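What follows is the residue order along each chain.
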Amino acid sequence: MTTPLLKLSGLGIRFGGLVALDAVDLTVAPSTITCIIGPNGAGKSTLFNLITGIYRPTSGTVALQGDPITGLPAHRIAARGIARTFQSSRLFEDLSILDNVIIGMHGRTRTDVLTALLRPAKSRRELEACAAEAETILRGISDELFARRYQPAGILPQADRRRLEIARALASHPKLILLDEPSSGMDDRDTAALMADIRRVMADNPGLSFLIIEHDMRLVAELPDNVVVIDYGKKIAEGDFATVRQLPRVQQAYLGQKAVEHA
Amino acid sequence: MSTTLTNIHSRTTLPASLIVAATEIGGAILLGAFLLAESTPLVVALLAVMGALFAAMQYRPQIEEVIVAAFHDARGLATALAVAIVLIYPFFLGGNTYALHLLIVSLLYSVLALALNFQLGSANIPNFATGATYGIGAYTSALLAIHLGWSFWATLPAAAIVATVFGFLLGIPSMRTRDSYLALVTIAFGIVIHQMLNNLSWTGGPNGLVGIPAPSLLGHSFMRPIELFGFRLPSQANFYYLSAALLGLAILSAKRLHESRVGLAWNAIRADELAAKCQGINVVWYKILAFGVDAFLAAFAGTIYAFYISYISPDNFTFLVSVTIMTMVIVGGMDNTLGVILGAFLLTMLPEKLRVFSDYRLLFVSVVVILFLILRPKGLFPQRQRHYGGQR
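Bear in mind that the values here come from a model prediction, so they are computed numbers and not experimental data.

A. Molecular detail of the overall build of chain B. A count of helical and extended segments in chain B gives 16 helices and 6 strands. Here chain B has a C-alpha radius of gyration of 21 Å; the compact-globule value for 392 residues is 21 Å, and the two agree. Oriented by its inertia axes, the alpha-carbon framework of chain B measures out at about 70 × 65 × 45 Å. For chain B, buried positions account for 52% of its 392 residues. Partitioning the intrachain contacts of chain B with sequence separation of at least 6 by distance along the chain shows that 76% fall at a separation of at least 24. For chain B, the accessible surface area stands at approximately 17400 Å², while carbon and sulfur atoms represent 69% of it. Within chain B, one finds 21 positive and 15 negative side-chain charges whose respective centroids are separated by 5 Å.

Written as C-alpha cells, this is what we have:
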C-alpha cells in the first residue's frame, strides 16, 4: 500500500487523572470510508478533536500523508486538508448559505487587510471567483440549497444543515472529511439521501476519504470500507462491519456483560 | 409575489435615480432641520417624523428593499449626489457656527463608531477602549505638534501608527480572554490610559495640552474663514471638510474590508469561533487585526479633534466616551455602515438638542434611544447579506 492518508500512532489524551483516549492506532487509506462506532462517552468526538487540533494530544502522533501534524493549531490543520462537521451542526447562522461555503475557502485564499484596502479590484476578483465556485458546489449538493443561497443559514431544517456543512467542508478542497454523527436527527429517507450524497462526493473527488462517527447501524452496515470500535477510550476492534458485529467484546461494549452471557 | 411587485414598481413607475435623489435630499433636509431647530417642540416633532419613517420601514420591509435596490442600480449618481450635498451643505447653515460644530463632532464620532464596528459589529469583540485609542491619537499628534513643531499632516500618520501599536499591545493580552472577561480587560486598559494622561507630567496632567497650532493647507490657515464665490463660511468649515473627508475614507475602508475575505473571516468569528477555526481561520490573528484597524481609524479622529479644539485634556477620553461609541454602533445597527453613522449622528446631537431638560437630559436621551430600539430591535439599519456577481 502507498503512504496512508491519515495515520494515528498511540494517540492519547488525559484530562487530569481521566484518560479520555488511550493509545489509539488508526490508518485511513485514500478514497475510503471509515466509520467509528462505540457507546456514548467512549471518546469518539475526543478523537476528532485531537485529529483536528481542537485538543493537543498528551501522547502519540498524527500524520497526514506522512507529514506530522501533531499539536498544530486547528486553523493550520484545516489548511493542510482536514475538514470536519460537528455533532450539533455549527453553521455561521446569521450569514447567508453562500457565505458559509465561501468561508470554507479561507485557507486557500490570500487577501489580507492591506490588499483589501489598497487593491480592492484584486480582493473583489478573488471573492467573486470564490462565490462562483461556491455556487457550483452548492448546486452539486442540492438544488434547493442553491436556490436559497442568499438566505441566512440559520433558517435551514436539520437535513439541509448537514448538507451545507458538507458543502462548506468540500469548499476547502480537503483530503479528508470528518463527519461527527451526520445522521443524528434524520429520518430514514434523509439518511438514505445522506449516504447517496457521500457516495457522490467521493465519486466526484478522487482520493478524498471520510472518517465518520455514527450510531445509525443501517448506515454503518452499508457505507464504510472499514469499521473501528472504541470503548472507554481504547480501540477494541477493527474490520468490516459483518465481522466486527460478531465479536463478543463489541457486543459486550454495546449491550453489557450480562446480556451477552444470556444471548 | 410581493417581491416581483416591488421590483416592477421600482423599475418602471419610479426610476431609481429619482428614489436616490429624493432619499438623499430628504435626508439632508431632515438633518438640516434638526441641526437648526431651536425650540424643543420642533425637535420632538422631528424625532417623531424620524420615528414614523423607521416604523414604516419596520412594518413595510419592501420600502427598505426598494430604496436599497435603487441605490444599487444608481450607484454612480448616489455617490456623486452625496459628495455634492456634503460639499454645499455648510452654505445652507447660514453661518450658524454651532450647527457646524455639531456636524464636525458628529462626523468624528461617526469615524470612531465605524472604527469600533470592525470589532463589535464585524467580529463581536466588546472593546471598551475605543475612547482610549482616540485619546492616544489626539495626545500623540498634539505632543508632536507642540514640542517638535510637526505639521498637522505629518502628525496624522504618526498618531495612527502609535495608536495602532497600542491597539496591538491591548489586543495581544486580550486574546487570553473572551466575552465578558475580554470586555473587562479593555475597560482596564481604558482606565489605565486615562489615569496615565491624568498623572504624567509630560501630558500636562489634568490640565491637558493647550495651544495646539491650527493646521494649514497650501498657505490657507484653518483658523481663517473660507471665502468662495462671494460666499463666506466660518472657520469651522475647514474642519467640517476635513472631518467629512476622513469619514469618506472610513466608509471606503469599511466597505472594502467588509467585501473581502477579511470581513468574511471576522463575520465567521462573530458567528462561531470554533467553527471558524476549523475553516482554517487564524482566530487570534484576525481578532488582533481588528484591534489594530480600530486603533488606526480612531487615531485619525483623535488628531483632527485635537487640532480642531486646539485644547485637549484627559476628560475628553474617559470610559464614558467608549460606552457612548458602543451605544452608537448598537443603536445604529451592527455591521451596517449607514446604520452606524446614523447612530453616531443621533447620539451626538440628541444631548445637545435636549438641553432644555438640563439635568434630566441624559434621561430623555436614554428614553429616545430605548424607543428607537423598541421600534427597530436590530438597530436602525441592521446588517444585510452580501451579494456577488453584480446582484443586489
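B. A look at the interface of chain A and chain B. Taken together, the 37 residues of chain A in the interface contact 33 residues of chain B. Carbon and sulfur atoms make up 61% of the area that chain A and chain B hide from each other, which totals about 3300 Å². Three residues stand out in chain A for area buried against chain B, namely His75(A), His106(A) and Tyr150(A), and they jointly supply 21% of the buried area on that side. One salt bridge in this structure joins Arg386(B) and Asp99(A), with 3.5 Å as the shortest N-O distance.

C. Representation of the UniProt feature "domain: ABC transporter" (unreviewed entry) in chain A in the model. In the numbering used here, UniProt assigns the "domain: ABC transporter" (unreviewed entry) feature to residues 6-257 of chain A. Across residues 6-257 of chain A, helical content stands at 42% and strand content at 23%; the span's end C-alpha atoms are separated by 34 Å.

D. Spotlight on the pattern of salt bridges. Residue and element names in this part refer to chain A. All told, the structure shown has 21 salt bridges over all chains when counted by the stated rule. A salt bridge links Arg108 to Glu133; the shortest N-O distance between them is 3.1 Å. Here the residue Arg108 occupies a position in the loop between helix H3 (97-103) and helix H4 (113-118), and Glu133 occupies one in helix H5 (residues 120-141), the gap between them amounting to 25 residues. Here Glu133 falls in the partly exposed class, since its relative accessible area comes to 26%. Via salt bridges that share partners, Asp160, Arg163, Asp197 and Arg200 belong to a single interconnected network.

E. Summary view of the sheet that holds strand E1 (residues 6-15) of chain A. Residue and element names in this part refer to chain A. If you walk across this open sheet you meet the 4 strands as E2-E1-E4-E5, and the pairing is antiparallel. Edge positions in the sheet fall to strand E2 (18-28) and strand E5 (67-68), since each of these pairs with one other strand and no more. The pairing of E1 with E2 spans 7 bridges and is antiparallel. Bridging from a neighbouring strand, Leu8 pairs with Leu26 of E2.

F. Layout of the domain arrangement of chain A. Residues and elements named next belong to chain A. Domain boundaries in chain A define domain 1 (6-91 + 172-262) and domain 2 (92-155). The C-alpha centroid of domain 2 is placed 29 Å from the C-alpha centroid of domain 1. Opposite the 7 residues of domain 1 that make contact, domain 2 presents 9 residues. Surface buried jointly by domain 1 and domain 2 totals about 670 Å² across both partners, of which 49% is contributed by carbon and sulfur atoms. The largest contributions to the domain 1 side of the interface with domain 2 come from Leu91, Ser172 and His173, which together make up 68% of the buried area. Taken together, domain 1 and domain 2 are joined by 0 salt bridges. For the pair domain 1 and domain 2, the number of links is 5 residue pairs in polar contact (both at pLDDT 80 or more).

G. Spatial organisation of helix H2 (residues 16-36) of chain B. The terminal C-alpha atoms of H2(B) lie 30 Å apart, and with 21 residues this matches the ideal 30 Å at 1.5 Å per residue to within 8%. Regarding H2(B), the residues found buried are Ala16(B), Ile19(B), Val20(B), Glu24(B), Ala28(B), Gly32(B), Phe34(B) and Leu35(B).

H. Region of interest: the sheet that holds strand E7 (residues 176-180) of chain A. Residue and element names in this part refer to chain A. Strand order in the open sheet made by the 6 strands is E6-E7-E8-E3-E9-E10, with mixed pairing throughout. Pairing within the sheet leaves two strands with one partner each, and these edge strands are strand E6 (82-84) and strand E10 (234-239). Neighbour-to-neighbour, the strand axes of the sheet open up by a mean angle of 20 degrees, direction not taken into account. In this sheet, strand E9 (residues 226-231) lies alongside strand E3 (residues 33-37) in parallel orientation, the contact comprising 4 bridges. Each bridged residue has a counterpart across the sheet, and for Ile36 the counterpart in E9 is Val228. On the sheet, helix H1 (residues 44-51) packs against E3, E6, E7, strand E8 (209-213) and E9 and is oriented at approximately 145 degrees with respect to E8.

I. Spotlight on helix H16 (residues 361-375) of chain B. Residue and element names in this part refer to chain B. In this model, H16 (15 residues) spans 21 Å end to end at C-alpha, consistent with the 21 Å of a helix rising 1.5 Å per residue. Among the residues of H16, those classed as buried are Val365, Val368, Val369 and Phe372. In an axial view of H16, the angular spread of the buried residues amounts to 100 degrees, which keeps them on one side of the axis. Of the residues in H16, the exposed ones pointing more than 90 degrees away from the buried face are Leu363, Leu371 and Ile374. Those residues of H16 that are buried are in contact with helix H3 (40-59), helix H14 (319-332) and helix H15 (337-353).

J. Region of the structure containing the environment of Gln87(A). All names here are of chain A. Residue placement: Gln87 occurs in the loop between E6 and H3. The residues contacting Gln87, other than those within four sequence positions of it, are Ser45, Arg162, Asp180, Glu181 and Ser184. Side-chain polar atoms of Gln87 contact the side chain of Ser45, separated by 3.3 Å.

K. Here's a closer look at the side chain of Arg270(B). Counting through the fold element by element, Arg270(B) comes out in helix H11 (residues 261-271). Judged by relative accessible area, Arg270(B) falls into the buried class, the value being 15%. Here Asp94(A) takes part through its side chain, which lies 3.1 Å from a polar atom of the side chain of Arg270(B). Side chain to side chain, Arg270(B) and Asp335(B) meet in a polar contact 3.3 Å long.

Conventions adopted
- Residues numbered from 1 in each chain as written.
- Chains lettered and ligands numbered in written order.
- Predicted model: local features only at pLDDT ≥ 70, side-chain atom pairs only at ≥ 80, totals over all residues.
- Heavy atoms only, no water.
- Helix = DSSP H or I, 4+ residues; strand = E, 2+ residues; numbered from the N terminus.
- Rg over C-alpha atoms; globule rule 2.2 N^0.38 Å.
- Buried < 20%, exposed > 50% of the residue type's maximum accessible area, 1.4 Å probe, protein only.
- Contact = heavy atoms within 4.5 Å.
- Areas by Shrake-Rupley, 256 points an atom, 1.4 Å probe, with all protein chains shown as cover.
- Lys, Arg positive; Asp, Glu negative; His and termini not counted.
- Charge placed at Lys NZ, Arg CZ, Asp CG, Glu CD.
- Buried area = accessible area lost by both parts, 1.4 Å probe.
- Salt bridge = Lys/Arg side-chain N within 4 Å of Asp/Glu carboxyl O.
- UniProt positions renumbered as here; feature names shortened; annotations may be inferred.
- Pairing = 2+ DSSP bridges.
- Domains from an automatic or database assignment.
- Polar contact = N/O pair within 3.5 Å; in protein donor to acceptor, adjacent residues only side chain to side chain.
- Expected span 1.5 Å × (residues − 1).
- Axes fitted to C-alpha atoms, helices over the stretch in contact; angles between N-to-C directions.
- Arc of directions from axis to C-beta.

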